[in-house]
Amino acid sequence: MIRILFLFAFLCSCANVKQIDRGRLSSRLMQFDPTPEESLFINKVNSYREGAAGGNAAVGGGCGCN
Amino acid sequence: MLPLEVDVDAIKRKVLLCCLLIFGQNSWAIGKGKAKWVLNLYAQNGDGGHQIFDNSKNEEAYAFEPMLFVAYQINKKTNISGHFVFDTWTAASDTKLDESTGASGEGIKSQSRTSGSLAISRDHKSWRWSSQLGVSSEYDYRSLNFGGNLQKSFAQDNFVLSLSPQIYLDQARDFDIASNQTLNFKGRTIWSMDLSGSQLLTPNDVIQVSYTFIHMNGMLNNISNSVHVSSNPYNNNFSRYDERLPDKRLRHALSSKLVHAFNDENAGHISYRYYEDNWDINAQTAELGHRLSFNDDKSFLMLTYRFYDQSQSQYFKESFQVVETHMTSDSDLANFTSHRFGGHYSHKIEDSQIFGMLLANMEWSAATYFSSRSNGLQSQILQAGLGAEF
């Protein structure tokens, strides 16, 4: 956990991007998940077909998927 | 009374009533609301399912899941959103199990599930919070879940820190092979905490790092899983027992994702996740993707490749020689590597008027993903979507 906090602190100290330079960053191309509705199903399938979970909203609850 | 013994139908009615009341208090205006239908089809097939009840190892299964997403902006700072799901599926293993137990009331060839969630989010200066309530119900499973998200942006939104707790108060049934009966519902509680941070690195790069902790407690066996026990693997004298897994699982995942723009029309992403849990599973996931925007931003294409590798759980064996305290033959908990290839395409179409309501920014989408696992399972996902603002 301490390592993660250090990593966040490192990220916080990164150079800032000015508002005027964010045109490209606000486009759909640059979203972490540009297809959130479709990803909901895909992430759920992954969490039930694999031993791993986490890193997205699917944490193994809400479905008794066999 | 157990906290899980709730009337799911009553909750669904109340959630629907809340939606109608909130929508009813606002006059319609274009851009205030969004709706999207997504139809999901899932098919899998494999011959390595040592957990299958009838010894066939056949992992054939199909699922059909339509989803409806609705979001509505109440005012400048407040949004509500919800999604509603009805899915139905057939599985070769489930059918065998059901014909044996009659657990669903008849020798059914398919099962169904309904679920939904309602969320509200609110912005206040550099803070944003949201809370969410969800329900899910099927014949051997039901769930009531709550979640939240607290987000704070720093340095003029260059860095965003996000904390997301979730809790699932679930109940699941187990199957007792010895008595050939499906048992009563037993509790399963899952809570998770996700801490993530995203940073704008340059005008062309953005990165996200997150850590997720998941705590699972209660009945973690899968109703349709069983194990093969035989003292002599060379003869046909064996018995099948129900899966037996510990009642606690602690899971940790550390992940990161970087998105880089090559120009206004092309971008790529790369992500990595490391995972471990106290059932001795270690997993690594990596994904590469390319995104393309063209036709004056009306068309969007994303191609992805995903690699996944996991070590097997300490409780996994393909077959057992003696009955052990904990044992599973679930192929999802085995040692395997998988490769997945996929593509998503979406296209914006002209605004149109339907039943007097103007629909703007209409977009249809189609996607397909194909996955192949080293332990024999192959699966395919097909998706089709249609969304609009109103």
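Remember, it's a predicted structure, so these values are computed and weren't measured experimentally.

## Focus on the overall build of chain A
Right, so step 1: Across its full length, chain A holds two helices and zero strands.
Right, so step 2: In chain A, buried positions account for 45% of the 66 residues.

## Digging into the overall build of chain B
Right, so step 1: Per the secondary structure count, chain B includes two helices and 21 strands.
Right, so step 2: Counting all 390 residues of chain B, 34% fall into the buried class.

## A word on the environment of Asn 335 of chain B
Residues and elements named next belong to chain B.
Right, so step 1: As for its placement among the helices and strands, Asn 335 is situated in the loop between strand E17 (299–310) and strand E18 (336–348).
Right, so step 2: Between the C-alpha atom of Asn 335 and that of Ser 313, which follows or precedes it by 22 residues, the distance is 7.8 Å.
Right, so step 3: Discounting residues that sit within four places of it in the chain, Asn 335 has contacts with Gln 310, Ser 311 and Gln 312.

## Describing the nonpolar core
Buried together is how nonpolar side chains tend to be arranged in soluble globular proteins.
Right, so step 1: Membership of the largest hydrophobic core comes to 24 residues, with the highest contact counts inside it found for Ala 52 of chain A together with Ile 281, Ala 283 and Tyr 315 of chain B.
Right, so step 2: Residue assignment for this core shows that the elements contributing at least two residues are strand E7 (159–172) and strand E11 (205–218) of chain B.
Right, so step 3: Beyond its immediate sequence surroundings of up to four residues, Ala 52 of chain A is in contact with Ala 253, Tyr 275, Ile 281, Ala 283, Thr 285 and Gln 310 of chain B.
Right, so step 4: Grouped together as the second largest cluster of nonpolar side chains are 13 residues, Leu 40, Phe 41 and Ile 42 of chain A together with Ala 61 of chain B included.

## Some points on helix H2 (residues 36–49) of chain A
Right, so step 1: Across its 14 residues, H2 of chain A extends 20 Å between first and last C-alpha, which sits within 8% of the 20 Å expected from 1.5 Å per residue.
Right, so step 2: Within H2 of chain A, the full set of buried residues consists of Glu 38, Leu 40, Phe 41, Ile 42, Lys 44, Val 45, Asn 46 and Ser 47 of chain A.

## Quick word on the pairing of E11 of chain B
All names here are of chain B.
Right, so step 1: Strand direction decides the pairing type here: strand E10 (residues 186–202) and E11, joined by 14 bridges, are antiparallel. Within E11, the residue paired with Asp 194 across the bridge is Thr 212.
Right, so step 2: Taking the residues that link successive antiparallel strands as the turn, the E10-E11 hairpin has two residues.
Right, so step 3: Pairing analysis gives 13 bridges linking E11 to strand E14 (residues 248–261), with the strands arranged antiparallel. The residue bridging His 215 from the neighbouring strand is Leu 250, located in E14.

## Quick word on the interface of chain B and chain A
The parts lose accessible area when they come together, and the size of an interface is often stated as this lost area.
Right, so step 1: Contacts between the two partners involve 76 residues from chain B and, on the opposite side, 38 residues from chain A.
Right, so step 2: The greatest single-element share of the side of chain B that touches chain A, amounting to eight residues, is contributed by E11 of chain B.
Right, so step 3: When the residues that make up the side of chain B that touches chain A are grouped by side-chain class, the tally is 36 nonpolar, 27 polar and 13 charged.

## Quick notes on the confidence of the model for chain B
Low pLDDT marks regions whose predicted coordinates should not be analysed in detail.
Right, so step 1: Across chain B, pLDDT averages 86, with 86% of residues at or above 70.
Right, so step 2: The least confident element of chain B, judged by mean pLDDT, is helix H1 (residues 8–24) of chain B at 50; the most confident is E17 of chain B at 98.

## Focus on unusual backbone geometry
Residues and elements named next belong to chain B.
Right, so step 1: Non-glycine residue Lys 125 carries a positive phi angle of around 55°.
Right, so step 2: Position of Lys 125 relative to the elements: it lies in the loop between strand E4 (111–124) and strand E5 (127–138).
Right, so step 3: What makes Lys 125 exposed here is the crowd of 8 C-beta atoms within 10 Å.
Right, so step 4: Notably, Asp 157 is not glycine yet its phi reads approximately 65°, a positive angle.
Right, so step 5: Among the secondary structure elements, Asp 157 is positioned in the loop between strand E6 (141–154) and E7.
Right, so step 6: Using a count of 14 C-beta atoms within 10 Å as the deciding quantity, one classes Asp 157 as partly exposed.

## Points about the pairing of E17 of chain B
Residues and elements named next belong to chain B.
Right, so step 1: Bridge analysis of strand E16 (residues 282–294) against E17 gives twelve bridges, and the strand direction is antiparallel. Paired with Glu 287 across the strands is Arg 306, a residue of E17.
Right, so step 2: Connecting E16 to the next strand, E17, in antiparallel fashion are four residues, including Asn 295 with a positive phi near 60°.
Right, so step 3: Examined bridge by bridge, E17 and E18 share twelve bridges and lie antiparallel to one another. Bridge pairing in E18 places Phe 307 opposite His 339.

## Considering the environment of Gly 48 of chain B
All names here are of chain B.
Right, so step 1: The residue Gly 48 is located in the loop between strand E1 (33–45) and strand E2 (61–73) in this model.
Right, so step 2: Spatially, the C-alpha atoms of Gly 48 and Ser 331 are 7.0 Å apart, while their sequence positions differ by 283 residues.
Right, so step 3: Setting aside anything within four residues of it in sequence, one finds Gly 48 in contact with Lys 57, Ser 331, Asn 375, Gly 376 and Leu 377.

## Observations concerning the environment of Asn 204 of chain B
Right, so step 1: Relative to the helices and strands, Asn 204 of chain B resides in the loop between E10 and E11.
Right, so step 2: For the pair formed by Asn 204 of chain B and Asn 149 of chain B, sequence separation is 55 residues and the distance between their alpha carbons is 27 Å.

So, how was this worked out
- Residues numbered from 1 in each chain as written.
- Chains lettered and ligands numbered in written order.
- Predicted model: local features only at pLDDT ≥ 70, side-chain atom pairs only at ≥ 80, totals over all residues.
- Helix = DSSP H or I, 4+ residues; strand = E, 2+ residues; numbered from the N terminus.
- Buried ≥ 20, exposed ≤ 12 C-beta atoms within 10 Å, placed from the backbone.
- Contact = placed C-beta atoms within 7 Å.
- Core = buried A, V, L, I, M, F, W, Y, C linked by C-beta atoms within 7 Å.
- Expected span 1.5 Å × (residues − 1).
- Pairing = 2+ DSSP bridges.
- Nonpolar A, V, L, I, M, F, W, Y, C, P; charged D, E, K, R; others polar.
- pLDDT = per-residue confidence, 0-100.

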